[in-house]
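One letter stands for each residue in the lines below.
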Amino acid sequence: MRDRLGCAWRRNASALVWMPLLLLGPVLDLHGSPGEVVFQVVIILVIACTTVVAAVTGGPPWRAAAPYVALSTLVAATVAGSMHGSSQWLPTWILLANTLPAVLRGRSLVAAVPVVTLMSMGAAAVVDPFRWSRVWSEGFVVLLAGCASAAFIALIDTVAELRRTRAELARVAVAEERERFSRDLHDLLGHTLSVIVVKAQAVRRLAGQDPEAVAGHAADIEQIGRQALDDVRRAVDAMRAPTLDDELDNARRSLAAAGIATTVTADGAVERAADGPAGEVLAWVVREAATNVLRHSGASACRIELDEREGRLALVVADDGVGAPRAPSTRFGGLDGLRDRVTAAGGELQVEPSSEGFRLTAVLPEVPA
């Protein structure tokens, strides 16, 4: 509430700035019996207080009743002040026109400004009958005050909306960047750690039986661990973009180390894709697909095919395992993250689990849209 009031008085400052000057005339025009003077003072105080309340409470979120009550009271007090038949009270209509945009908006404001203008012209006609120049000048000044105040407050509202939009865009950008980093980190390290797990299992099986094979697997674990550490360091600075050639080679070796017979078929498209923007996206696809085969499939064979279909690059990864992985839906990355990455590059990702295995197809333009 305090924040809203703090914003409201800044938004409606035009009514508050002009209030002392516009009420100076009625203050200097106090006249009549003591009772009449007291009445005039009360009217002036009511006009001042209702203007302050309307300016301090009016504006977004447009749900409070106080500004509307204050504006209604201000209209009544302005009309009552005009009954004195003195031209010194006419500036109160300008104050009322300045206050209207603080409370009203849209069609209500469009209708209220002309109505107040006509009422002020009527008050001027009462003060100086048959002086039409005075009537028209009063109407012009009141109309100009209402329009100028409305334009000023609309500008303030627009600036405030732009600031809120900028803050929201910044928040969304941070959230998207966090999601992207989480997805990239998953795709970057998930495959590497899966290979380490497979190698460690092989070491455990062969311990005491084949020391040379154990030493070879241990050396591979050391090499892969160093590579993972290097990947993490690069990810902190700027996410390391994998290359398609490297990922196809890594997938072939890691799947073979896990006992999964792997064939890679590239119909002359690898060289073109590896140098183009689609190559990086397809490299992520290969890495994530190979990781899923290692982790979830239980497959004995895997086939990776890369070819060109009507000017688009198509990558197919198929295995004879148990089907699609079931990863927690709250985790970034995985197939959902991979689909987001492929879609952002202007491509399509299809997954086809079946009783005979799992098939993943990614189709990308050679130059993503």
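What counts and what doesn't
- Residues take numbers from 1 onward in each chain, read along the sequence in its written order.
- Residues qualify for local features only when their pLDDT is at least 70, as the model is predicted, and side-chain atom pairs are given and counted only at 80 or more; totals for whole chains, interfaces and linings, by contrast, use all residues.
- As a convention, hydrogens and water are excluded, and side-chain values are obtained from all of the structure's heavy atoms.
- For the purposes of this entry, the term helix denotes a DSSP run of H or I that reaches at least four residues, the term strand denotes a run of E that reaches at least two, and both are numbered from the N terminus.
- Any residue under 20% of the maximum accessible area for its type is buried, any over 50% is exposed, and the rest in between are partly exposed; the area is computed with a 1.4 Å probe on protein chains only.
- Throughout, a contact is declared for two residues whenever any of their heavy atoms are within 4.5 Å.
- Note on geometry: axes are C-alpha line fits, over the in-contact stretch for helices, and angles between N-to-C directions span 0 to 180 degrees.
- By definition in this entry, angles of less than 35 degrees are roughly parallel, angles greater than 145 are roughly antiparallel, angles of 65 to 115 are roughly perpendicular, and the rest are oblique.
- Each residue is assigned to one of three groups, with Ala, Val, Leu, Ile, Met, Phe, Trp, Tyr, Cys and Pro labelled nonpolar, Asp, Glu, Lys and Arg labelled charged, and all others, Gly among them, labelled polar.
- In this description, strands pair whenever DSSP reports at least two bridges between them.
- Patches here are clusters of residues that have more than 30% relative accessible area and form no salt bridge, with a 9 Å joining cutoff for like charges and a 5 Å cutoff for nonpolar side chains (Val, Leu, Ile, Met, Phe, Trp, Tyr).
- Areas reported here follow the Shrake-Rupley algorithm with a probe of radius 1.4 Å; residue values treat only the protein chains shown as occluding.
- Salt bridge, as applied in this entry: a Lys or Arg side-chain nitrogen positioned within 4 Å of an Asp or Glu carboxyl oxygen.
- Classification of ring pairs rests on two measures: the distance between centres of Phe, Tyr or Trp rings, Trp counted by its six-membered ring, which must be within 6.5 Å, and the angle between planes, read as stacked under 30 degrees, edge-to-face over 60 and tilted in between.
- Each ring is checked for a lysine NZ or an arginine CZ that lies within 6 Å of its centre and within 35 degrees of its normal; such an atom marks a charge sitting over the ring.
- The nonpolar core is taken to be a set of buried Ala, Val, Leu, Ile, Met, Phe, Trp, Tyr and Cys residues, with the residues joined through side-chain atoms within 4.5 Å.
- Between the first and last residue of a helix there are one fewer steps than residues, each counted as 1.5 Å, and that sum is the expected span.
- Note on scores: pLDDT gives the predictor's confidence for each residue, bounded by 0 and 100.
- The arc in question is formed by the directions pointing from the helix axis toward the C-beta atoms.

Student: What should I look at first to understand the overall build of the protein in this one?
Tutor: Regarding its fold elements, the protein presents 13 helices and five strands. Split into buried and exposed, the 369 residues of the protein put 41% on the buried side. Put simply, of all contacts in the protein between residues at least 6 apart along the chain, 71% involve residues at least 24 apart.

Student: Looking at this structure, how should I read the packing of helix α2 (residues 13-22) against helix α6 (residues 91-103)?
Tutor: The geometry of a pair of packed helices is captured by two quantities: the angle between their axes and the separation between those axes. Two elements in contact, α2 and α6, have axes whose closest approach is 9 Å; the angle formed by their N-to-C orientations is 175°. Comparing the axis directions of α2 and α6 gives the class roughly antiparallel. Judged by residue contacts, Ser-14, Ala-15, Trp-18, Met-19 and Leu-22 of α2 engage Pro-91, Thr-92, Ile-94, Leu-95, Asn-98 and Thr-99 from α6. Class assignment of the residues belonging to the contact of α2 with α6 gives a composition of seven nonpolar, four polar and no charged.

Student: What should I look at first to understand the sheet that holds strand β4 (residues 348-354) in this one?
Tutor: Within a beta sheet, neighbouring strands are joined by backbone hydrogen bonds and run either parallel or antiparallel to one another. The five strands lie next to each other as β1-β2-β3-β5-β4, forming an open sheet whose pairing is mixed. In the strand order of this sheet, the two ends are held by β1 (261-266) and β4, each with one partner. Adjacent strand axes in the sheet meet at a mean angle of 10° when their direction is disregarded. With eight bridges joining them, strand β2 (residues 301-309) and strand β3 (residues 312-319) adopt antiparallel strand pairing. Looking at the pairing, Asp-307 lines up with Ala-314 of β3.

Student: Any chance you could explain a nonpolar patch on the surface here in plain terms?
Tutor: Judged by side-chain polarity, Val-17, Trp-18, Leu-21, Leu-24, Val-27, Leu-28, Leu-30, Val-41 and Leu-45 come together as a nonpolar surface patch covering roughly 840 Å² of accessible area. For the nonpolar patch, the elements supplying multiple residues, two or more each, are α2, α3 (24-28) and α4 (34-57).

Student: Can you help me understand the packing of aromatic side chains in this one?
Tutor: Aromatic ring pairs: the centre-centre distance and the angle between the two ring planes describe each pair. In total, this model carries zero aromatic pairs according to the counting rule given. Lying across the ring of Trp-284, Arg-341 places its NZ or CZ 4.4 Å from the centre.

Student: I tried to follow the pairing of strand β5 (residues 357-365) on my own but got confused; where do I start?
Tutor: The side chains of a regular strand alternate, residue by residue, between the two faces of the sheet. Taking burial as the measure, the nine residues of β5 include eight buried ones, the bulk of the element. Of the pairings in the sheet, the one linking β3 to β5 comprises eight bridges and is antiparallel in character. Paired with Leu-313 across the bridge in β5 is Leu-364. For β4 and β5, the ladder comprises seven bridges, and the chain directions are antiparallel. Bridging across to β5, Val-351 finds its partner in Leu-360. What sits between β4 and β5 in their antiparallel hairpin is a turn of two residues.

Student: Any chance you could explain the pattern of salt bridges here in plain terms?
Tutor: A side chain of one charge can pair with a side chain of the opposite charge when the charged atoms of the two come close. Scanning all chains against the criterion turns up eight salt bridges. A salt bridge links Arg-252 to Asp-249; the nearest nitrogen and oxygen atoms lie 3.3 Å apart. Here the residue Arg-252 and the residue Asp-249 both occupy positions in helix α10 (residues 244-257), the gap between them amounting to three residues, near one helical turn. According to the relative accessible area criterion, Asp-249 is partly exposed, its value standing at 33%. The shortest N-O distance in the salt bridge between Asp-249 and Arg-253 comes to 3.3 Å. Of the two residues, Asp-249 and Arg-253 both sit in helix α10, four residues apart, roughly one turn of that helix. Through salt bridges with shared partners, a single network forms among Asp-249, Arg-252 and Arg-253.

Student: How should the nonpolar core be read in this particular structure?
Tutor: Here is a general trend for soluble globular proteins: nonpolar side chains tend to be buried in one another's company. Counting residues in each nonpolar core, the largest one holds 35 residues, and the members touching the most others are Ile-47, Leu-71, Trp-93, Leu-96, Leu-100 and Leu-104. The set of elements that each furnish at least two residues to this core consists of α2, α4, α5 (66-82), α6, α7 (106-127) and α8 (132-206). Those residues in contact with Leu-71, other than ones at most four positions away along the chain, are Leu-96, Thr-99, Leu-100, Val-103 and Leu-104.

Student: Honestly, α4 in this entry has me stumped. Any pointers?
Tutor: Given a rise of 1.5 Å per residue, 24 residues ought to cover 34 Å, and the 34 Å separating the end C-alpha atoms of α4 matches this to within 8%. For α4, every residue scored as buried is listed here: Gln-40, Ile-43, Ile-44, Ile-47, Ala-48, Thr-50, Thr-51, Ala-54, Ala-55 and Thr-57. Looking one or two places after α4, you find Gly-59, whose phi comes out positive at around 110°.

Student: It is not clear to me how the confidence of the model for the protein should be interpreted in this structure. Could you clarify?
Tutor: If pLDDT is low for a region, its predicted coordinates should not be looked at in detail. For the protein, the mean per-residue pLDDT works out to 82, and 88% of the residues sit at or above 70. Under a pLDDT of 50 for its full length, residues 1-6 has, in the predicted model, seven contacts with residues more than four places off or in other chains. Counting interchain partners and residues more than four positions distant, the pLDDT-below-50 stretch residues 327-332 has five contacts.

Student: Is there a simple way to think about helix α13 (residues 334-344) in this case?
Tutor: The periodicity of an α-helix, 3.6 residues per turn, causes residues three or four places apart in sequence to face the same way. Looking at α13, one finds that the buried residues are Gly-334, Leu-335, Gly-337, Leu-338, Arg-341 and Val-342. The buried residues of α13 all sit within an arc of 160° when viewed along its axis, so they share a single face. Just past α13, the residue Gly-346 takes up positive phi, approximately 85°.

Student: Could you clarify how one ought to interpret the side chain of Ser-120 in this entry?
Tutor: Topologically, Ser-120 is positioned in helix α7. Using a relative accessible area of 0% as the deciding quantity, one classes Ser-120 as buried. With sequence-adjacent residues up to four places away left out, Ser-120 is seen in contact with Trp-93, Glu-138, Gly-139 and Val-142.

Student: Help me out: how do you make sense of the environment of Ala-54 in this one?
Tutor: If you trace the backbone, Ala-54 turns up in helix α4. Separated by 16 residues in sequence, Ala-54 and Ala-70 have C-alpha atoms that sit 5.6 Å apart. Those residues within four positions of Ala-54 in sequence are excluded, and the remaining contacts are Asn-12, Pro-67, Ala-70, Thr-99, Ala-102 and Val-103.

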